[in-house]
Amino acid sequence: MKLLEDKIRNEGIVLPHNVLKVDGFLNHQVDPELMFEIGKEFARLFKDKDITKVLTVESSGIAPAVMAGLALNVPVVFARKHKSLTLTDDLFTAEVYSYTKQTTNHISISKRFLSSQDRVLLVDDFLANGQAISGLLDIADAAGIDVEGVGIVIEKTFQRGSQVVRDRGIQLESLARIKALTDDGQIEFEK
Ligand code: G4P
Ligand code: NA
Ligand code: NA
C-alpha cells in the first residue's frame, strides 16, 4: 500500500534491535485518514470471506481493526492484556510472550463476544515474531471459530511471524512488508 509505505519512509525511525518506531501515526499518535484507508484496504482484500467479526489485541491493534470493522460493517473485539489472571470461566485466555519486552502476558476475550458461528479476521499493527497472532489463534481455536484471514499493517518479513499464519493455511495480507532495517537507519521494503 503506497500511501502507507510513503508514510513509513517519511516518518518511521529505525531503532536498535530491529525496531521501527512509528508512533507519529500508529503506536501513539494515530492518523485517522491513513487508518481509514487501511481499513478499506483490508475490507477489499477480505471481501469474499464473509467476515462477521474483527479481532485484535489492545492497544495498537485497535485503530486499524476498528477501521476494518467499519469498512466491513462488522463489530470489532479487542483482547485485553493482563499480567496475571485469576481464573474466570467466562473468558477465553491465551499466553503471549513478548520478545521485545521479555515478558509473558495473558490476553483474554469474554465468551459473550465470540460465537462458534463467527468467521473472523485477525488484525494487528505489527507482525514480528507472531506471538500476538498466535495468542488470537489459540483463542479462536478454544472458541471453535474459523479464522478467515489475518490483516497486518506492518510486517517485518525478516522475522518469523508469517510462518505461524502460513502453517495454518490462513490468508495473510500485510499492507507494508519490510525486509530489512539497516544499522544506518534505512528501511528496505519487499518489492
Ligand atoms: P509479535 O506479536 O509479532 O511476536 O511481536 P513481539 O512479541 O516481537 O513484539 C511485542 C510488541 O512489540 C507488540 O506490541 C508488537 O506489535 C510490537 N512490535 C514488534 N516489532 C515492532 C517494531 O518494529 N516496531 C514497533 N513500533 N512495535 C513492534 P505490544 O506489546 O502488543 O504493544 P501495543 O499493541 O500495546 O503497542
Ligand atoms: Na500490537
Ligand atoms: Na505495538
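Residue positions within a chain follow its written sequence, with the count starting from 1. Chain labels run from A onward and ligand labels from 1 onward, assigned in the order the entries are written. A pLDDT threshold of at least 70 governs which residues receive local features in this predicted model, and a stricter bar of 80 or more applies before side-chain atom pairs are shown or counted, although totals over entire chains, interfaces and linings include all residues. To obtain the side-chain values, all non-hydrogen atoms of the structure were used and water was disregarded.

Under an unreviewed UniProt entry, the protein has the name Xanthine phosphoribosyltransferase and belongs to Pediococcus claussenii. UniProt positions are given in the numbering used here, feature names are shortened, and annotations may be inferred rather than shown by experiment. The record in UniProt for the protein states the following under Subunit (unreviewed entry): "Homodimer." Among the UniProt annotations of the protein, the heading Subcellular location (unreviewed entry) holds the following wording: "Cytoplasm".

## Section: the site of ligand 1
Proximity is defined per residue: any heavy atom of the residue falling within 4 Å of a molecule or strand makes that residue near it. With respect to spatial proximity, 22 residues lie near ligand 1, and among them Leu20, Ser60, Gly130, Gln131 and Lys156 are the closest. Whenever two N or O atoms come within 3.5 Å, that pair is a polar contact, provided that in protein one can donate a hydrogen and the other can accept it, and provided that, for residues adjacent in sequence, both atoms are side-chain atoms. Backbone polar atom of Asn129 to an oxygen atom of ligand 1: 2.9 Å apart, as the coordinates give it. Contact between ligand 1 and Lys156: an oxygen atom at 2.7 Å from a side-chain N or O atom of the residue. Areas reported as accessible are Shrake-Rupley estimates using a 1.4 Å probe. Residue values count occlusion only from the protein chains shown. Within the complex, 85% of the 710 Å² of free accessible area of ligand 1 lies under protein. The set of elements that each furnish at least two residues to the shell around ligand 1 consists of strand E2 (19–21), strand E5 (91–98), strand E7 (119–127) and helix H4 (131–143). Broken down by element, the shell around ligand 1 gets its largest block of residues, three residues, from E7. Partitioning the shell around ligand 1 into residue classes produces eight nonpolar, nine polar and five charged. By definition, any uninterrupted DSSP run of H or I lasting at least four residues is a helix, any uninterrupted run of E lasting at least two residues is a strand, and each is numbered from the N terminus. As a working rule, the residues Ala, Val, Leu, Ile, Met, Phe, Trp, Tyr, Cys and Pro are called nonpolar, Asp, Glu, Lys and Arg charged, and the rest polar, with Gly in that last group.

## Some remarks on the pattern of salt bridges
A pair is scored as a salt bridge if a Lys or Arg side-chain nitrogen falls within 4 Å of a carboxyl oxygen belonging to Asp or Glu. Summed over all chains, the structure comprises 12 salt bridges. A salt bridge links Lys21 to Asp23, with the nearest nitrogen and oxygen atoms 3.2 Å apart. Judged by relative accessible area, Lys21 falls into the partly exposed class, the value being 34%. Between Arg177 and Glu155 there is a salt bridge, and its shortest N-O distance comes to 3.8 Å. With a gap of 22 residues between them, Arg177 in strand E9 (residues 172–181) and Glu155 in strand E8 (residues 146–156) connect regions that are remote in the sequence. Bridged by salt links that share partners, the residues Lys2, Glu5, Asp6 and Arg9 form one connected network. Any residue under 20% of the maximum accessible area for its type is buried, any over 50% is exposed, and the rest in between are partly exposed; the area is computed with a 1.4 Å probe on protein chains only.

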